[in-house]
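Overview (structure and organization)
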Amino acid sequence: METFQKLSAVALGSNLGDSVAIVQASVETLKRTPGIILKAKSRFYNTKAIGPPQPDYINACVVLEVEMSPHLLLQTLLQIENSFGRVRQERWGARSLDLDLLLYDNLILRTEKLQIPHPRIRERAFVLVPLAEIAPDWVEPVSGCTIKELVEKVDCSDVHLLS
Ligand SMILES: Nc1ncnc2c1ncn2[C@@H]1O[C@H](COP(=O)(O)OP(=O)(O)OP(=O)(O)O)[C@@H](O)[C@H]1O
Ligand SMILES: Nc1nc2c(c(=O)[nH]1)N=C(CO)CN2
């Protein structure tokens, strides 16, 4: 059977519960998942919440080598979110774990259930700062800009390396 490997970038976020432990544990879960190899993990950042008033977030990014389709990867990420007690409430509200599929190879995909690149990747410093640490030269295919170039265009003043 033909096999394939693709690189994918995933954002991790949490602002409910022991967020550092939850994000760390979710990375371990990703590492244990068949069809996923962890290639790189950023450091953790404390970030001011975008959206309704809520606690600060812990954010990080990983680069994965995956042997699964984008849809299966999204399904896997949603299952991991659920296993960490994620309850969907208001849009952009507080959550124990959020896993966003940011990039999948150089794919552009716009379906109702899945959009790649993630539609808000270009404007989110809490995603771009950690991603620039591990994948600065990856070209975001909609803008044609590298992650390093995109991070220079956003205000990063609310994103701080976790001490
Ligand atoms: N690239 C993607 N990564 C993750 N989810 C996506 C993506 N594209 C579409 N979705 C869909 O978005 C749905 C809702 O996602 P979620 O509840 O995490 O949104 P949110 O975190 O509140 O907001 P945001 O999308 O701005 O991060 C998911 O169930 C999924 O079907
Ligand atoms: N700082 C920060 N703000 C957010 C985040 C996040 O991960 N970090 N996620 C959101 C919904 O995806 C909404 N707002």
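Residues numbered from 1 in each chain as written. Chains lettered and ligands numbered in written order. Predicted model: local features only at pLDDT ≥ 70, side-chain atom pairs only at ≥ 80, totals over all residues. Heavy atoms only, no water.

Going by an unreviewed UniProt entry, the protein chain carries the name 2-amino-4-hydroxy-6-hydroxymethyldihydropteridine diphosphokinase and comes from Aetokthonos hydrillicola Thurmond2011. In its Pathway (unreviewed entry) section, the UniProt entry covering the protein chain states "Cofactor biosynthesis; tetrahydrofolate biosynthesis; 2-amino-4-hydroxy-6-hydroxymethyl-7,8-dihydropteridine diphosphate from 7,8-dihydroneopterin triphosphate: step 4/4." You can read under Catalytic activity (unreviewed entry) in the UniProt record for the protein chain the words "6-hydroxymethyl-7,8-dihydropterin + ATP = (7,8-dihydropterin-6-yl)methyl diphosphate + AMP + H(+)". (UniProt positions renumbered as here; feature names shortened; annotations may be inferred.)

Once that is clear, we can look at helix α3 (residues 125–134). Note on helix geometry: an α-helix contains 3.6 residues per turn, so any two residues three or four positions apart are oriented the same way. Buried residues dominate α3, accounting for eight of its ten residues. Those residues of α3 lying buried are A125, F126, V127, L128, V129, P130, L131 and A132. Residues of α3 that are buried make contact with β1 (6–14), β3 (45–47), β4 (57–66), β5 (98–104), α4 (147–151) and β10 (159–161). (Buried < 20%, exposed > 50% of the residue type's maximum accessible area, 1.4 Å probe, protein only. Helix = DSSP H or I, 4+ residues; strand = E, 2+ residues; numbered from the N terminus. Contact = heavy atoms within 4.5 Å.)

Structurally, S42 can be placed in the loop between β2 (36–41) and β3. Separated by 100 residues in the primary sequence, S42 and V142 place their C-alpha atoms 23 Å from one another. If near-sequence neighbours (up to four positions away) are discounted, S42 is found in contact with A60, C61, P130, E133 and I134.

What follows covers the site of ligand 2. Close to ligand 2 lie eleven residues, the nearest being T47, K48, I50, N59 and D98. Between ligand 2 and N59 there is a distance of 2.8 Å, counted from an oxygen atom to a side-chain nitrogen or oxygen. Contact between ligand 2 and D98: an oxygen atom at 2.9 Å from a side-chain N or O atom of the residue. The protein chains hide 96% of the 330 Å² of surface that ligand 2 would expose on its own. A per-class count over the shell around ligand 2 returns five nonpolar, two polar and four charged. (Near = heavy atom within 4 Å. Polar contact = N/O pair within 3.5 Å; in protein donor to acceptor, adjacent residues only side chain to side chain. Areas by Shrake-Rupley, 256 points an atom, 1.4 Å probe, with all protein chains shown as cover. Nonpolar A, V, L, I, M, F, W, Y, C, P; charged D, E, K, R; others polar.)

Between side chains of opposite charge, a pair can form as their charged atoms come close. Counting across every chain of the model gives seven salt bridges. Here K31 and E28 are joined by a salt bridge, their closest N and O atoms 3.5 Å apart. Remark: E28 and K31 occur in helix α1 (residues 19–32); sequence separation between them is three residues, near one turn of the helix. Under the relative-accessibility criterion, K31 is labelled partly exposed at 43%. Among the salt bridges present, the one from D137 reaches K148, with a minimum N-O distance of 3.3 Å. Linking D137 in the loop between α3 and β8 (139–140) with K148 in helix α4, this pair joins segments that are eleven residues apart in sequence. On the basis of relative accessible area, D137 is assigned to the exposed category, the value being 55%. (Salt bridge = Lys/Arg side-chain N within 4 Å of Asp/Glu carboxyl O.)

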